Amino acid sequence: MIVAERKPFEEIKESIKDYRKVLVLGCGTCVSVCMAGGEKEVGLLATELRMNAGLEKRDIEIMEATIQRQCDKEYIEPILEQARGCEAILSLGCGAGVQLVAEMLETMPVLPGLNTRFIGITEAEGAWSERCRACGDCVLATFGGICPVARCSKGLINGPCGGNQGGKCEAGGDKDCAWELIYHRLKKQGRLANLRKTAQLRNYATNAHPARQVNEAYQTPEKAGVKS
Ligand code: SF4
Ligand code: SF4
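Conventions adopted
- Residues numbered from 1 in each chain as written.
- Chains lettered and ligands numbered in written order.
- Predicted model: local features only at pLDDT ≥ 70, side-chain atom pairs only at ≥ 80, totals over all residues.
- Pairing = 2+ DSSP bridges.
- Helix = DSSP H or I, 4+ residues; strand = E, 2+ residues; numbered from the N terminus.
- Axes fitted to C-alpha atoms, helices over the stretch in contact; angles between N-to-C directions.
- Contact = placed C-beta atoms within 7 Å.
- Near = placed C-beta within 6 Å.
- Nonpolar A, V, L, I, M, F, W, Y, C, P; charged D, E, K, R; others polar.
- Domains from an automatic or database assignment.
- Core = buried A, V, L, I, M, F, W, Y, C linked by C-beta atoms within 7 Å.
- Buried ≥ 20, exposed ≤ 12 C-beta atoms within 10 Å, placed from the backbone.
- Arc of directions from axis to C-beta.

1. Some thoughts on the sheet that holds strand β5 (residues 110–112)
Spatially, β3-β2-β4-β5 is the arrangement adopted by the four strands of the open sheet, whose pairing is parallel. Taken across any chain shown, the strands that pair with only one partner, and hence form the sheet edges, are β3 (61–67) and β5. Each neighbouring strand pair of the sheet contributes to a mean axis angle of 25°, computed without reference to strand direction. Two strands pair when backbone bridges link them, and strand β2 (residues 21–27) and strand β4 (residues 88–91) are joined in this way by four bridges, in the parallel orientation. Counterpart to V24 in the pairing with β4 is L90. Here helix α3 (residues 39–55) sits on the sheet and contacts β2 and β3; the angle it forms with β3, its principal contact strand, is near 175°. Docked against the sheet, helix α6 (residues 95–104) engages β2, β4 and β5, running at close to 170° with respect to β5.

See the structure below:
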């Protein structure tokens, strides 16, 4: 899932300071699971904004709504009318969600309330960690299901640097060296030979940005350039 965290309150407050009617818009999918932008977080932020406005004697109306997904037009459409009645939208969706809402409400300021951080897993209750950078050329098969792109601090694809200290990465913190993890995983699987191959080359052209994909089943003959 996409993992995000709420921006600092002061930054959010500053971003909406010129508006008198703001819709705080949550997203019920990834950012809800990571407790950053779901219905509950919308309620908490809206309350905090109202209380702060009261204390500072500012005239602002804060409205609330949470839709299932902000990255999907069909879920945004039902709240368009409500949104158009506001001066700005404070989106608690991920960066993709904010952009689609902004695209559908082009004349309206759509402001991000979150910082989108990574694609990750739930490690423990209330803790998430990065596992994938959506590189478009997955090498997990070679490296025992451990991603060097996302989990090595330097994104090294051809083996460890010299900075491994007792299994930890020199980049600091408590981070395990991804390449040591890869070594032990491949050893368990009897596939250490994978590491003896010449330097792994990545095809960076596979994920030119902005990336786009269309499922074949939805490819019309016209789009595919097929003449009838
Ligand atoms: S190799 Fe690329 S696609 Fe595969 S997990 Fe790592 S970043 Fe994601
Ligand atoms: S110590 Fe390991 S994880 Fe850290 S940068 Fe070097 S190879 Fe990557």
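Having seen the model, we can carry on.
2. Let's talk about the site of ligand 2
Not every one of the 14 residues close to ligand 2 is listed here, only the nearest: C152, P160, C161, C169 and C177. The residue inventory of the shell around ligand 2, partitioned by class, reads nine nonpolar, three polar and two charged.

3. Quick word on the site of ligand 1
In the vicinity of ligand 1, the contacting residues are C132, R133, A134, C135, C138, V139, L140, C147, V149 and A150. Looking at the shell around ligand 1 residue by residue, the class counts come to nine nonpolar, no polar and one charged.

4. A short note on the domain arrangement of the protein chain
The domain architecture assigned to the protein chain consists of domain 1 (2–118) and domain 2 (133–207). The distance between the C-alpha centroids of domain 1 and domain 2 comes to 37 Å.

5. Side note on the nonpolar core
Membership of the largest hydrophobic core comes to 30 residues, with the highest contact counts inside it found for A4, V24, V31 and L92. Within the residue set of this core, elements represented by two or more residues are β1 (2–6), β2, α2 (30–33), α3, β3, β4 and α6. The element best represented in this core is β2, accounting for five residues. Apart from the residues within four sequence positions on either side, V24 is in contact with V42, L45, A46, I62, M63, E64, L90 and L92. In terms of nonpolar packing, the next biggest core, distinct from the first, is built from ten residues, F143, I146, C177 and I182 among them.

6. Some remarks on helix α8 (residues 178–188)
Residues A178, W179 and I182 constitute the buried set of α8. Buried residues of α8 fall within an arc of 90° about the axis and therefore sit on the same side. Exposed and oriented more than 90 degrees from the buried face of α8 are K187 and K188. Structurally, α8 contributes buried residues whose contacts are with α7 (148–151).

7. What to know about the environment of P78
Following the sequence through the fold, P78 ends up in the loop between α4 (73–76) and α5 (80–84). For the pair P78 and V98, spaced 20 residues apart in the sequence, the C-alpha separation amounts to 16 Å.

8. Overview of the sheet that holds strand β6 (residues 114–124)
Spatially, three strands are ordered β1-β6-β7 in an open sheet, and the strand pairing comes out antiparallel. Looking at which strands have only one partner, the edges of the open sheet turn out to be β1 and β7 (127–132). Sheet twist, expressed as the average angle between the axes of neighbouring strands with direction ignored, equals 70°. Here β6 pairs with β7 via five bridges, running antiparallel. Looking at the pairing, T122 lines up with W128 of β7.

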